[in-house]
Amino acid sequence: MLTLNAQSVHTGNLILVNASHGIQGDPEDVLVPACSRFPEILLQRCAATLLNELMKEIQGWDFIVPVSGYRSREEQQRIWDDSLRENGAEFTKKYVAVPGHSEHQTGLAIDLGLKAEHIDFIRPDFPYSGICQTFRERAAKYGFILRYPAGKEKITGISHEPWHFRYVGVPHAEIMVQRGLTLEEYTDFIRQFSYGSRPYLTQNGSGQIQIGFLPPALAAQWAADLPEARPHIISGNNVDGFILTEYLYGGSL
């Protein structure tokens, strides 16, 4: 039987990781190469699978390279320390997350760069044109969002990063893009749609999807009744509860 408890709040594709909400554990899915040509750059398996489906659609790996995927806390610490030494505190705080608070530690985030002889590891070139823009426009369909958009710096705490994408899954990525929401804003937005009383309904092709927020106590009861549940995905938000995505009919996981 599925067990949901206070620690489970810190797991899943929709966990919010930022300066206020740190990493509480290791990636829960298997880490695999984001691209077979770069076996050292890893993502959680589901994120890597969807990334490669997107790249196949647009022939993206012919022009785009993965720059950074999963990082251990130790690697994030080295990057932080090196950037402080080489670039100074102001630059580092804009573009490098504090160790323990980096999305890269989840295995759900990927930095991408336009293929070139030299690629800046901290700020890879990923322009709003050509194949990079094509990727950006298709990303939500495959569950990815541009995590740090321009104009949202005060909300995310990170400067605009055109190269940094985060896997959150479908339909959540599409809802965020349609409404112009960051993950911080989406976490607050979806909280108003309580499971069992006021869910958020959306379409996925010919199917209907129901999204609801569950506080830990209600989530534990829901898990106890799981044999009767519809096809679903449940994720903690890394703050105060769970987001349940149920496929009512005709939808697909």
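Structure first, text after, so check above.
What you see is a predicted model; the values in this text were computed from it and never measured. (Residues numbered from 1 in each chain as written. Predicted model: local features only at pLDDT ≥ 70, side-chain atom pairs only at ≥ 80, totals over all residues. Heavy atoms only, no water.)

1. A short note on the packing of helix H1 (residues 45–58) against helix H4 (residues 130–138)
Relative to each other, H1 and H4 sit at 130°, their axes nearing to 11 Å. As judged from the angle between their axes, H1 and H4 are oblique. As for the relative orientation of H1 and H4, their crossing is right-handed in sense. Packed against H1, whose contacting residues are Leu51, Leu54, Met55, Glu57 and Ile58, the element H4 presents Ile131, Thr134, Phe135 and Arg138 at the interface. For the contact of H1 with H4, the per-class residue count stands at six nonpolar, one polar and two charged. (Axes fitted to C-alpha atoms, helices over the stretch in contact; angles between N-to-C directions. Helix = DSSP H or I, 4+ residues; strand = E, 2+ residues; numbered from the N terminus. Parallel < 35°, antiparallel > 145°, perpendicular 65-115°, else oblique. Left-handed = near helix turned anticlockwise from the far one by under 90°. Contact = heavy atoms within 4.5 Å. Nonpolar A, V, L, I, M, F, W, Y, C, P; charged D, E, K, R; others polar.)

2. Description of the pattern of salt bridges
Going through the model one piece at a time under the given rule, you end up with 13 salt bridges. Where Asp111 meets Arg71, a salt bridge forms, and the shortest distance between an N and an O atom there is 3.6 Å. Placement of the pair is Asp111 in strand E4 (residues 109–114) and Arg71 in the loop between strand E3 (64–68) and helix H2 (73–87), with a sequence separation of 40 residues. Residue class for Asp111 comes out buried when judged on its relative accessible area of 3%. For Lys94, the salt bridge identified is with Glu90, shortest N-O distance 3.9 Å. (Salt bridge = Lys/Arg side-chain N within 4 Å of Asp/Glu carboxyl O. Buried < 20%, exposed > 50% of the residue type's maximum accessible area, 1.4 Å probe, protein only.)

3. Topic: the nonpolar core
With 32 residues, the main nonpolar core has Leu112, Phe135 and Phe144 as its most contacted residues. The element best represented in this core is H1, accounting for seven residues. Not counting residues within four places of it along the chain, the set of residues in contact with Phe135 comprises Leu51, Leu54, Met55, Ile58, Ile64, Leu112, Phe126 and Phe165. Ranked by size, the runner-up nonpolar core spans 18 residues in total, among them Ala140, Met176, Phe189 and Ile209. (Core = buried A, V, L, I, M, F, W, Y, C linked by side-chain atoms within 4.5 Å.)

4. Observations concerning the layout of surface pockets
A volume near 520 Å³ is recorded for the largest pocket. Of all the secondary-structure elements, those providing two or more residues to the lining of the largest pocket are H1, strand E9 (232–236) and strand E10 (242–249). In terms of residue count, the dominant contributor to the lining of the largest pocket is E9 (four residues). Among the residues forming the lining of the largest pocket, the class breakdown is 15 nonpolar, 13 polar and two charged. Approximately 290 Å³ is the volume found for the second largest pocket. Forming the walls of the second largest pocket are 15 residues, and the residues nearest its centre are Arg136, Ile145, Leu146, Pro149 and Val177. Of all elements in the fold, only H4, strand E5 (144–148) and helix H6 (172–179) reach the threshold of two or more residues within the lining of the second largest pocket. The element contributing the most residues to the lining of the second largest pocket is E5, with three residues. (1 Å grid on protein atoms, 1.4 Å probe; cavity = no way out; pocket = protein on both sides within 12 Å on 5 of 7 lines; lining within 4 Å. Points joined across faces, edges and corners; volume = space filled by probe spheres on them.)

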